[in-house]
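Descriptive analysis of the structure
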Amino acid sequence: MAKRDYYEVLGIQKGASKDDIKKAYRKLAIQYHPDKNPGNKEAEEKFKEASEAYEILSDDQKKAAYDQFGFAGVEGMGGGAQDFSSVFRDFGDIFGSDFSGIFDSIFGMGGGGRRSQDSNGARQGTNLRYDIEIPFKDAVFGTKVEIQYSRKEACTSCKGSGGSGKKTCPSCGGYGQVRHSQGFFSVASTCMECRGSGSIIEHPCKDCGGSGVQKKRQKIKVTIPAGTEHGKRVVVPKEGDMGLNGGPPGDLYVVIQVKAHEYFERQGSDLYCAVPISITQAILGSEISVMTLDGKAKVKIPAGVQNGELISIKNEGVPQGSKRGSLYIKLIIKIPSKLSRRGKELMEELSRIEGEDNSPNPISLSEFTKH
């Protein structure tokens, strides 16, 4: 396949400045680097192509020769010869002062052969997750729950040392990684002999197999704060897995699942429920006793209330600090399906006295559902 023009490869014009050339190459190098595209031959070729283009266009002498004579002008000068030493020397300049951090995390190169991570340094333990389902009322008012779970702790037999005879791993030299050359770049992978720790134990502990840690069950009490919503998490500091090499333990994240209530629903700090009333209570007005989440409350029903109207009761909702939200009661007027003879007579008399509209005008659905 014919080689593409170097300017076309980098997506720049022929008169581009050195800064533009660096920016264009930086973008392509990050996008197509093999460490970010494992097993992708197309990305690997594009990375090589971009590096070759930069190696020529970033050098004034080579660029001048290429501009005048094309590929023939740079034969034997590095172009197409897989000699990208100048590219890697310039990485620090191209990627700025955070060069080593970028290549440690993205490319696994670390600049100058430094280890990409200090595998023998202190590392925080892994955070753990525990899902728990609690009753609706406990989520509203808060509670304490006891949970059991397993986490990694220091082995009691070797006290976390892993055994005796600890020495630097001969395969990786204590770096925790080994490098494999692939053409002009290298790829880092976790050392299989020490599993990334950088050291090996000649006489590993029989109980933990040399890892220095064991899975242990433990019980703790977790405080669920009042007003906790479904899906929220409670963080319990330092109750995750133990840290490595003296690092702090991870945290425990308790994720709350709230059971649905038989009657109440929640919206923010307010509670909602529906309460049935009789047709006479709706017409004449009344005082009724309704159930709240933690007791009962007296509610006055105004005369002439309509079906579906809401009545609020303050301070019967969800606690929010020193305050509580409201409880909203939706009134559902129950129409009797059967009437006694006397009841039917009274309703017929009411109909004659009050009159009936036998040709009512429609009302908008928004008016009907606004409550």
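See the structure above.
From a predicted model like this one, the values you see are computed outputs, not experimental measurements. (Residues numbered from 1 in each chain as written. Predicted model: local features only at pLDDT ≥ 70, side-chain atom pairs only at ≥ 80, totals over all residues. Heavy atoms only, no water.)

1. Remarks on the overall build of the protein
Test applied: Numbering of helices and strands starts at the N terminus; helices are DSSP runs of H or I of at least 4 residues and strands are runs of E of at least 2. Buried means the residue's accessible area, taken with a 1.4 Å probe over protein chains only, is under 20% of the maximum for its type, while exposed means over 50%, and partly exposed covers the values in between. Surface accessibility follows the Shrake-Rupley procedure with a 1.4 Å probe radius. Residue values consider only the protein chains on display as shielding.
Broken down by element type, the protein carries eleven helices and 17 strands. The proportion of buried residues among the 371 residues of the protein is 38%. For the protein, the computed accessible surface area is about 22700 Å², with 48% contributed by carbon and sulfur atoms.

2. Some remarks on the nonpolar core
As a reminder, the rule being used: In this text, buried Ala, Val, Leu, Ile, Met, Phe, Trp, Tyr and Cys residues form a nonpolar core when linked through side-chain atoms within 4.5 Å. Residue contacts are counted whenever heavy atoms from the two residues lie within 4.5 Å of one another.
The biggest cluster of nonpolar side chains holds 38 residues, and the ones touching the most others in it are I147, V222, V254 and I329. Ignoring anything within four residues of it in the chain, the contact list for I147 reads Y130, I132, Q218, K219, I220, V222, L252 and V254. Ranked by size, the runner-up nonpolar core spans 22 residues in total, among them A16, I21, A29 and A53.

3. Things to note about a nonpolar patch on the surface
What counts here: The patch calculation keeps residues exceeding 30% relative accessible area without a salt bridge and links them within 9 Å when they carry like charges or within 5 Å when they are nonpolar (Val, Leu, Ile, Met, Phe, Trp, Tyr). Whenever Lys or Arg places a side-chain nitrogen within 4 Å of a carboxyl oxygen from Asp or Glu, that contact is recorded as a salt bridge.
A cluster of nonpolar side chains, I283, L284, L339, M347 and L350, forms an exposed patch at the surface whose accessible area comes to about 470 Å². Those elements that provide at least two residues to the nonpolar patch are α9 (279–284) and α10 (341–354). Structurally, the position occupied by L339 is in the loop between β17 (327–334) and α10.

4. Here's the deal with the packing of aromatic side chains
Filter applied, for reference: Centres within 6.5 Å make a pair out of two Phe, Tyr or Trp rings, where for Trp the six-membered ring is used; the pair is then stacked when the planes are under 30 degrees apart, edge-to-face when over 60, and tilted otherwise.
Counted by the stated rule, this structure contains six aromatic pairs. Summarising the aromatic geometry, the rings of Y6 and Y66 are spaced 4.7 Å apart at their centres and angled 40° between planes, so their arrangement reads as tilted. Pair noted here: Y6 is in helix α1 (residues 6–10) and Y66 is in helix α4 (residues 60–69), with a separation of 60 residues, a long-range link. Three or more aromatic residues joined by ring pairs form one cluster here, namely Y6, Y7, Y66 and F71.

5. Notes on the packing of helix α2 (residues 18–32) against helix α3 (residues 41–57)
In plain terms, the rule: Axis definition: a line fit to C-alpha positions, over the contact stretch in the case of helices; interaxial angles, taken between N-to-C directions, run 0 to 180 degrees. Working definition: roughly parallel below 35 degrees, roughly antiparallel above 145 degrees, roughly perpendicular at 65 to 115 degrees, and oblique for all remaining angles. Handedness of a crossing follows from how the near helix is turned relative to the far one, being left-handed for an anticlockwise turn of less than a right angle and right-handed for a clockwise one. Ten residues, namely Ala, Val, Leu, Ile, Met, Phe, Trp, Tyr, Cys and Pro, are considered nonpolar, four, namely Asp, Glu, Lys and Arg, are considered charged, and the remaining ones, Gly among them, are considered polar.
Packing of α2 against α3 brings their axes to within 9 Å, and their N-to-C directions diverge by 160°. Looking at the two axes, α2 sits roughly antiparallel to α3. Judged by the sense of rotation from one axis to the other, the crossing of α2 with α3 is left-handed. On the side of α2, the interface is formed by I21, K22, Y25, L28, A29 and Y32, while α3 contributes A43, E44, K46, F47, A50, S51, Y54 and L57. Split into classes, the residues belonging to the contact of α2 with α3 amount to ten nonpolar, one polar and three charged.

6. A look at the pairing of strand β14 (residues 310–313)
Heads up, the rule is: Criterion used throughout: strands pair if DSSP finds at least two bridges between them.
Burial along β14 is one-sided: I311 and I313 are buried, while L310 and S312, pointing the other way, are not. Of the pairings in the sheet, the one linking β14 to β17 comprises four bridges and is antiparallel in character. Following the sheet pairing, S312 is matched in β17 by Y328.

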